[in-house]
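Per-entry structural report
Chain by chain, the residues run as shown.
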Amino acid sequence: MNTISTGAVARAVQEAHESEWAFVLAATARVAADLDLAEDCVQDAYAKALVHWQEQGIPRRPGAWLTTVATRRALELRRRAAVSERKLPLLMPDPMDDAEVAAGVFPDDRLRLVFTCCHPALAQEAQIALTLRLVCGLSSAEIAKAFLVKETAMQARITRAKHKISQTGIAYRIPRLTDLPERIDVVLDVVHLVYTAGHTAADGDGLTRPDLARRGLDLARMVRLLLPDSGEATALLALLLLTQSRQSARVDGAGQLVLMEDQDRTVWDRSLIAEGLELVHEALARPAGRFGLMAAIAAVHAEAERWEDTDWAEILGLYDLLLARWPSPVVALNRVVALSYVEGPEAGLVALQPLADNPALSTYPYLASTRAELLRRTGRDAEARAAYEEALAFTSNAVEAAYLARKIQ
Amino acid sequence: MGKYLVMIYDDESAWAAADPSAAELNHKRHQAFAEANGSALRGGARLAESNTATSIRSDGNGGFLVTDGTFAETKEVIGGYYVIEAADLDEALTIAKQVPSPMGGVEVRPIIGM
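Since we're looking at a predicted model, the values are computed, not measured.

Here the focus is the sheet that holds strand E2 (residues 41-46) of chain B. Residues and elements named next belong to chain B. A sheet is described by the order of its strands in space; here 4 strands give the open sequence E2-E5-E1-E6, paired in antiparallel fashion. Lying at the two open borders of the sheet, with one neighbouring strand each, are E2 and strand E6 (104-110). Going from strand to strand, the sheet's axes swing by 20 degrees on average, the running direction of each strand aside. Where E2 meets strand E5 (residues 76-86), 5 bridges bridge the pair, whose relative direction is antiparallel. Bridge assignment links Ala45 to a residue of E5, and that residue is Tyr81.

Now the structure itself:
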């Protein structure tokens, strides 16, 4: 069986890491009854795979192979700990028994894992870090790099979160039906934040951020698969697909930012749009929540063949609904933009005025750049230039800064 | 199963300013809470006002510094507590949400090794 190349084995292990990690860890966590122990056992199983698959061939179901190896080790270590009377903190009351592990049939525990990582008793930044580490299988170093934090700080954040889970008795289970809508919202927020952190690109490092956006998309796909009855989970995936479809049009050949108005719509990814639109229609068969409305807005943009064809009245109506449900200053600002295309830039400037006094937006570069655009459209070029300069002072994104600098010239 | 301490944090000045009927109503609500959650309750009490508190800090040399007042100066102070038993944090939080605390809120902490 030594005909398999080392490269092929490494690729198969890598592939299994990307597609099976969450399933393997979720099943192992139930057996291990401890997140740290589970993680160690899963990492050990992937290391063993590199050796065993070389010798014995790549298994037909790599996920099942890895889960069997990891859960057996978890059982063995738990038994050893019991013999030496070292107490392991118990993650949940119903670990699988030996017979179930021996049978090699594992239930899909990924939802338990996701809900545990996104428990509302954990701080949001801890929820995000834990999800990337335990559900996506990223290392602390990778997560630290993506969020521009020191690796030791990220490691400490993850350790603290795991400690809180075991010490406070956060259960490894799917929440009760009455808590479910609220708990799903927490999960979807985390997935959305992972994606948006990757989407708003370019802090100088061109590699780590797109990877984060891809992880966000993967998570959204997984959550939608695991929660098929949640309209909001479907809507979030639709929103991310439609946003991602415009990705390659956002920056031109010279690396300059291109606003949606000027984007070459022929490079929008049609297959992502088709998939996204279908999901939007599915999601909107139910009453729309926050992500349903955001996805609907993205769909209106996706359906316009040219910027001039955009149905701004429809978009404004959707922003009105979104603002009623989710009254954030950023949503209010986006609504002003929609309004300016329905009633004109003067009306936009009037509607913008009350937002300028909102302290939450005082250093938000998009407030100044929106005002600048509206002033430019009314022909007040000198005032527009001053507003662009203000926006430039607040932006930390190199590509966006270059765009604003061009506008000032 | 684990035990949890539910600490009730209240703004005492808000209570002082409130109508006496508010305290009466609060008392009735605590009785109702205790009746509804009797099987999970392991203890609890109302505390005397925070101006009766005495804090003791170790001076690091085997001695003590005894001062008048609560340990931390905050607007909300502990006015009472419950000890509850619950299967996990979610169950504990469900019970804790029912604890009447109209002038503040509650903090839930697991009790170690009981």
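Residues and elements named next belong to chain A. Running from N to C, helix H16 (residues 345-356) and helix H17 (residues 365-377) point in directions that differ by 155 degrees, and their axes come no closer than 9 Å. Judged by the angle between their axes, H16 and H17 are roughly antiparallel. As H16 runs across H17, the sense of the crossing is left-handed. Residues Pro345, Gly348, Leu349, Leu352, Leu355 and Ala356 of H16 touch H17, and the partners they reach there are Leu367, Thr370, Arg371, Leu374, Leu375 and Arg377. Of the residues assigned to the contact of H16 with H17, the class counts are 8 nonpolar, 2 polar and 2 charged.

This part takes up the packing of aromatic side chains. What the rule picks out here adds up to 7 aromatic pairs over all chains. Relative to Tyr46(A), the ring of Trp21(A) lies with its centre 5.6 Å away and its plane at 25 degrees, an arrangement referred to as stacked. Of the two residues, Trp21(A) is situated in helix H1 (residues 6-32) and Tyr46(A) in helix H2 (residues 35-56); the sequence distance between them amounts to 25 residues. Taken together, a centroid distance of 4.9 Å and an interplanar angle of 55 degrees make the contact between Phe33(B) and Tyr82(B) tilted. Residue Phe33(B) is found in helix H2 (residues 20-36), and its partner Tyr82(B) is found in strand E5; the two are separated by 49 residues along the sequence. Tyr82(B) matches Phe33(B) in its accessibility class, with the two residues each being buried. The structure contains a cluster of three or more aromatic residues connected by ring pairs, namely Trp307(A), Trp312(A) and Tyr341(A). Across from the ring centre of Trp326(A), 3.9 Å away, lies the NZ or CZ of Arg290(A), which sits over that ring. In this arrangement the basic side chain of Arg57(B) is found over the ring face of Phe71(B), its NZ or CZ atom lying 4.0 Å from the centre.

Turning next to the interface of chain B and chain A. At the junction of the two partners, chain B supplies 8 residues and chain A supplies 10 residues. Of the roughly 790 Å² buried at the junction of chain B and chain A (both faces included), carbon and sulfur atoms supply 45%. Of all residues in chain B, Asp88(B), Leu89(B) and Asp90(B) bury the most surface against chain A, accounting for 58% of the area lost on that side. Linking chain B to chain A there are 2 salt bridges. We note a salt bridge from Asp88(B) to Arg173(A), for which the minimum N-O separation is 2.7 Å. Remark: the boundary between chain B and chain A carries 6 residue pairs in polar contact (both at pLDDT 80 or more). A total of 4 residues in the side of chain B that touches chain A trace back to one element, the largest contributor, which is helix H3 (residues 89-96) of chain B. Counted by class, the side of chain B that touches chain A contains 5 nonpolar, 1 polar and 2 charged residues.

All names here are of chain A. Formed by 123 residues in total, the largest nonpolar core has its most connected members in Trp53, Leu66 and Leu113. In contact with Leu66, not counting residues within four places along its chain, are Ala16, Val24, Ala45, Tyr46, Ala49 and Trp53. Within the second largest apolar cluster, 21 residues are counted, among which are Leu352, Leu374, Tyr403 and Ile408.

Residues and elements named next belong to chain A. By the secondary structure assignment, Phe291 is in helix H13 (residues 290-303). Overall, the relative accessible area of 3% leaves Phe291 in the buried class. The sequence separation of Phe291 and Gln43 amounts to 248 residues, and the corresponding C-alpha distance is 35 Å. The residues contacting Phe291, other than those within four sequence positions of it, are Leu188, Asp189, His192, Glu232, Ala235, Leu236 and Leu239.

Let us now look at H13(A). Residue and element names in this part refer to chain A. In a regular helix each residue adds 1.5 Å, so 14 residues correspond to 20 Å; H13 covers 20 Å between its end C-alpha atoms and thus fits that length. For H13, the buried fraction is high: 12 of the 14 residues fall into the buried class. Summarising the contacts, the buried residues of H13 are in contact with helix H9 (180-199), helix H11 (231-245), helix H12 (270-283) and helix H14 (312-325).

Residues and elements named next belong to chain A. All chains considered together, the criterion is met by 29 salt bridges over all chains. The closest approach of N and O atoms between Arg30 and Asp109, which form a salt bridge, is 2.9 Å. One end of the pair, Arg30, is in helix H1; the other, Asp109, is in the loop between helix H4 (98-103) and helix H5 (110-117), and 79 residues separate them in sequence. Overall, Asp109 belongs to the buried group, its relative accessible area being 3%. Linked by salt bridges that have partners in common, Glu18, Asp211, Arg214 and Asp218 make up one network.

A word on the side chain of Asn26(B). Residue and element names in this part refer to chain B. If you trace the backbone, Asn26 turns up in helix H2. Given a relative accessible area of 12%, Asn26 falls into the buried group. Those residues in contact with Asn26 that sit more than four places away from it in its chain are Trp15, Pro100 and Pro102.

All names here are of chain A. Closest axis-to-axis distance for the H9/H11 pair is 11 Å, and the angle between their directions is 5 degrees. Between H9 and H11, the crossing angle belongs to the class labelled roughly parallel. In this structure, H9 contributes Leu188, Val191, His192, Tyr195 and His199 to the contact, and H11 contributes Glu232, Ala233, Leu236, Leu239, Leu240, Thr243 and Gln244. Residue composition of the contact of H9 with H11, grouped by class: 7 nonpolar, 4 polar and 1 charged.

Calculation rules
- Residues numbered from 1 in each chain as written.
- Chains lettered and ligands numbered in written order.
- Predicted model: local features only at pLDDT ≥ 70, side-chain atom pairs only at ≥ 80, totals over all residues.
- Heavy atoms only, no water.
- Pairing = 2+ DSSP bridges.
- Helix = DSSP H or I, 4+ residues; strand = E, 2+ residues; numbered from the N terminus.
- Axes fitted to C-alpha atoms, helices over the stretch in contact; angles between N-to-C directions.
- Parallel < 35°, antiparallel > 145°, perpendicular 65-115°, else oblique.
- Left-handed = near helix turned anticlockwise from the far one by under 90°.
- Contact = heavy atoms within 4.5 Å.
- Nonpolar A, V, L, I, M, F, W, Y, C, P; charged D, E, K, R; others polar.
- Phe/Tyr/Trp six-rings, centres within 6.5 Å; stacked < 30°, edge-to-face > 60°.
- Buried < 20%, exposed > 50% of the residue type's maximum accessible area, 1.4 Å probe, protein only.
- Lys NZ or Arg CZ within 6 Å of the ring centre and 35° of its normal.
- Buried area = accessible area lost by both parts, 1.4 Å probe.
- Salt bridge = Lys/Arg side-chain N within 4 Å of Asp/Glu carboxyl O.
- Polar contact = N/O pair within 3.5 Å; in protein donor to acceptor, adjacent residues only side chain to side chain.
- Core = buried A, V, L, I, M, F, W, Y, C linked by side-chain atoms within 4.5 Å.
- Expected span 1.5 Å × (residues − 1).

Limitation: the analysis is restricted to geometry and does not speak to function.
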